Amino acid sequence: MSLSNPLSEYFVRDNAVTLIQGSDSLNVLDRMVSTNIIDMPNLTSRDALFCDYNGRISDYGTIYTISDKVLLISSAAQHEITRRTLVDGTSWDEDCEILIADNAIFRISLFSRDSHDMFSELGINYHAVESNQLIESGDHLFVKCESSFSERLDILVKSDNVNSIKSLLSELDYVEMDSKRWEMYRIMLGDVTINDALGNLPEEMGMGTLVSNDKGCYPGQEVHARIESRGKTVKNFCRLTGNSPLGIGKHSITEFGSISVSSSISIDGITHALALIRLGGSPTEIVQIDGNEFSMELLSYP
Amino acid sequence: MIIGTVEIEPFQQQFMGILGGEGFSLPVVTETEVVNVKLNFTEAAIGALRQNMSGDEESHVMVISAQSGGCSGYLYDMKIIEDPGDDGFQRIDIGDFDVLVHNKDSSMLNGINIDFKETLMGGGFQIENPNADRSCGCGQSFG
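Being a predicted model, the structure only gives us computed values, none of them experimental.

Draft legend 1. Quick peek at the sheet that holds strand 15 (residues 270–278) of chain A. All names here are of chain A. If you walk across this open sheet you meet the six strands as 13-14-15-12-17-16, and the pairing is antiparallel. The sheet is open, and its two edges are formed by strand 13 (249–253) and strand 16 (286–289), each paired on a single side. Strand-to-strand twist in this sheet, taken as the mean axis angle between neighbours without regard to direction, amounts to 40 degrees. When strand 16 meets strand 17 (residues 292–298), the two strands line up antiparallel, connected through four bridges. Each bridged residue has a counterpart across the sheet, and for Gln 288 the counterpart in strand 17 is Glu 293. Contacts between helix 5 (residues 179–188) and the sheet are confined to strand 12 (235–242), strand 14 (257–267) and strand 15, with strand 14 contributing the most and set at about 135 degrees to the helix.

Draft legend 2. A look at the pattern of salt bridges. Residues and elements named next belong to chain A. Throughout the structure, instances matching the rule amount to 22 salt bridges over all chains. A salt bridge links Lys 69 to Asp 68; the nearest nitrogen and oxygen atoms lie 3.9 Å apart. Overall, Lys 69 belongs to the partly exposed group, its relative accessible area being 23%. Residue Asp 88 is joined to Arg 84 by a salt bridge in which the shortest nitrogen-to-oxygen separation is 2.9 Å.

Draft legend 3. Local environment of the confidence of the model for chain A. Residue and element names in this part refer to chain A. Scored by pLDDT, chain A comes out at a mean of 90, with 96% of its residues at no less than 70. When mean pLDDT is compared element by element in chain A, strand 3 (residues 44–51) scores highest at 97, while helix 3 (residues 115–121) scores lowest at 83. Long-range and interchain partners of residues 1–5, a stretch whose pLDDT sits below 50, account for eleven contacts in this model, where long-range means more than four residues apart.

Draft legend 4. Molecular detail of the confidence of the model for chain B. Residue and element names in this part refer to chain B. In the predicted model, chain B carries a mean pLDDT of 80, and the fraction of residues at 70 or more is 79%. Here strand 8 (residues 141–142) stands out as the least confident element of chain B, with mean pLDDT 83; strand 5 (residues 98–102) is the most confident, with 95. Below a pLDDT of 50 lies the segment residues 1–15, which in the model reaches 25 contacts outside its immediate sequence neighbourhood of four places, other chains included. Our summary of model confidence lists the complex with pTM equal to 0.88 and ipTM equal to 0.75.

Draft legend 5. Seen up close, the environment of Met78(B). All names here are of chain B. Along the polypeptide, Met 78 turns up in strand 3 (residues 73–82). Between the alpha carbons of Met 78 and Met 62 there is a distance of 6.8 Å; along the sequence they are 16 residues apart. Contact partners of Met 78, with chain neighbours within four places excluded, come to Met 62, Val 63, Ile 64, Ile 114, Phe 125 and Ile 127.

Draft legend 6. View of the pairing of strand 3 of chain A. All names here are of chain A. Of all eight residues that make up strand 3, seven are buried, and the element is covered over most of its length. Sheet analysis places strand 3 next to strand 4 (residues 57–66), joined by eight bridges and oriented antiparallel. Along strand 4, the bridge assignment pairs Cys 51 with Ile 57. The antiparallel pairing of strand 3 with strand 4 creates a hairpin that spans five residues between the two strands, and Gly 55 there sits at a positive phi of about 85 degrees.

Draft legend 7. Representation of the side chain of His224(A) in the model. Looking at the element boundaries, His224(A) is found in helix 7 (residues 221–230). Sequence-distant contacts of His224(A), defined by excluding residues within four places in its chain, comprise Ser34(A), Cys51(A), Gly55(A), Pro202(A), Val211(A), Asn213(A) and Tyr218(A).

Draft legend 8. Structural context of the packing of aromatic side chains. One pass over the full model with this rule turns up eight aromatic pairs over all chains. The interplanar angle of 35 degrees and the centroid separation of 6.0 Å between the aromatic rings of Tyr74(B) and Phe142(B) together place this pair among those described as tilted. Residue Tyr74(B) is found in strand 3, and its partner Phe142(B) is found in strand 8; the two are separated by 68 residues along the sequence. Judged by relative accessible area, Phe142(B) falls into the buried class, the value being 3%. Consider the rings of Tyr76(B) and Phe142(B), whose centres lie 4.4 Å apart with planes at 15 degrees: the pair is stacked. Of this pair, Tyr76(B) sits in strand 3 while Phe142(B) sits in strand 8, and the two are 66 residues apart along the sequence. Positioned over the ring face of Tyr185(A) is Arg181(A), at 5.1 Å from the centre of the ring. The ring of Tyr53(A) has Arg134(B) sitting right over it, with the charged end atom 3.4 Å from the ring centre.

About the criteria used
- Residues numbered from 1 in each chain as written.
- Chains lettered and ligands numbered in written order.
- Predicted model: local features only at pLDDT ≥ 70, side-chain atom pairs only at ≥ 80, totals over all residues.
- Heavy atoms only, no water.
- Pairing = 2+ DSSP bridges.
- Helix = DSSP H or I, 4+ residues; strand = E, 2+ residues; numbered from the N terminus.
- Axes fitted to C-alpha atoms, helices over the stretch in contact; angles between N-to-C directions.
- Contact = heavy atoms within 4.5 Å.
- Salt bridge = Lys/Arg side-chain N within 4 Å of Asp/Glu carboxyl O.
- Buried < 20%, exposed > 50% of the residue type's maximum accessible area, 1.4 Å probe, protein only.
- pLDDT = per-residue confidence, 0-100.
- Phe/Tyr/Trp six-rings, centres within 6.5 Å; stacked < 30°, edge-to-face > 60°.
- Lys NZ or Arg CZ within 6 Å of the ring centre and 35° of its normal.

Following this line, the structure appears as structure tokens:
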């Protein structure tokens with residue numbers, strides 16, 4: 001199994017899906033996230049961070065504007081807290097209804113060696129579609145998404161249609177990933193999950209572009225403004241690659257003090273990991289962890 | 001294999017098939033603690049409210065509520081509106097007029113002290129909340 005040559009594969013994501021409807025939906029959601037979403041045009045998607053009052057990430061999701069409704073696809077691990085905050089935070093006179101859609105809509109992520117082929121196989125003109133623009137076909141919505149190292153195509157599918165989409169993808173020679181292979185892809189592509197981000201500052205995670213310093217008050221805004229004025233963070237999010245296993249958790253590094261590994265997977269003798277590292281003032285490409293050498297690349301949200 | 005070309009016409013964007021059908025009839029249910037609300041107003045706050053009511057005391061009420069937002073998680077909101085009735089609200093008589101608090105906000109707002117400061121900078125209604133673990137520097141947000 002080669003890590004550097006993604007095949008035509010797809011994965012049915014395990015996320016919490018929340019439908020927010022009513023004329024105040026976007027206002028209610030905008031007050032809760034660090035990302036400015038109030039200007040989102042219809043039929044677009046935008047990633048957004050939920051932070052606590054200390055400015056630390058409490059959830060990470062993607063917001064889709066669909067006519068007068070808002071779809072929030074966020075982490076399964078934090079869904080209870082996020083939904084509770086949404087419900088509690090809606091004022092008595094706001095037109096905003098929050099519905100669970102976990103079993104109604106699924107997000108399928110497609111990867112391919114060739115993005116053009118991937119889109120054209122599904123009848124979508126690659127050049128005519130902008131990133132984060134929703135394209136409707138039948139009951140499905142297609143979204144072109146960019147990550148640090150690749151492009152993918154997300155399909156939002158009604159539960160009734162998941163099997164027919166899987167059959168279609170099978171006809172197109174797409175293979176469904178199991179969770180282990182998805183984890184490998186995800187880490188390889190630097191795709192952050194809430195397991196990596198929970199409790200960390202957006203700037204540390206390379207997700208500073210998801211903080212809108214011009215949107216006014218939101219939970220964590222004071223801390224984010226302070227970080228922006230200081231202009232630097234102590235830790236940096238990175239991807240590690242090496243030939244030795246690397247366990248999740250804190251490890252000591254002689255040069256820098258410590259590194260906190262949040263995701264790690266070893267397949268065919270190669271380890272890929274995501275971690276927060278205290279870099280100090282001397283960026284490096286190689287780090288020694290527990291006596292083993294790992295190459296390191298700093299990651300940031302595209 | 002090419003399945004077909006997707007062409008998005010404006011009229012198609014009006015209908016989003018993905019959000020139709022069953023499965024969306026599951027509202028998020030959260031437990032809300034309802035307590036009997038007690039509010040404390042200073043004389044300055046009552047005076048300022050009386051002035052803002054400007055003769056509408058019979059038909060209008062003031063509603064104090066909480067909503068998400070602000071640096072600390074929740075924001076206070078105060079509105080003078082036409083009396084919405086008692087459905088879902090607790091009514092507090094503070095003399096010349098009534099103040100309403102919605103049941104969903106009762107545990108967050110119970111016991112708050114409302115003052116009014118007449119200063120050019122940072123003046124207006126000030127709320128001190130004994131239920132809050134923290135509050136924002138501007139005083140409008142709590143958590």
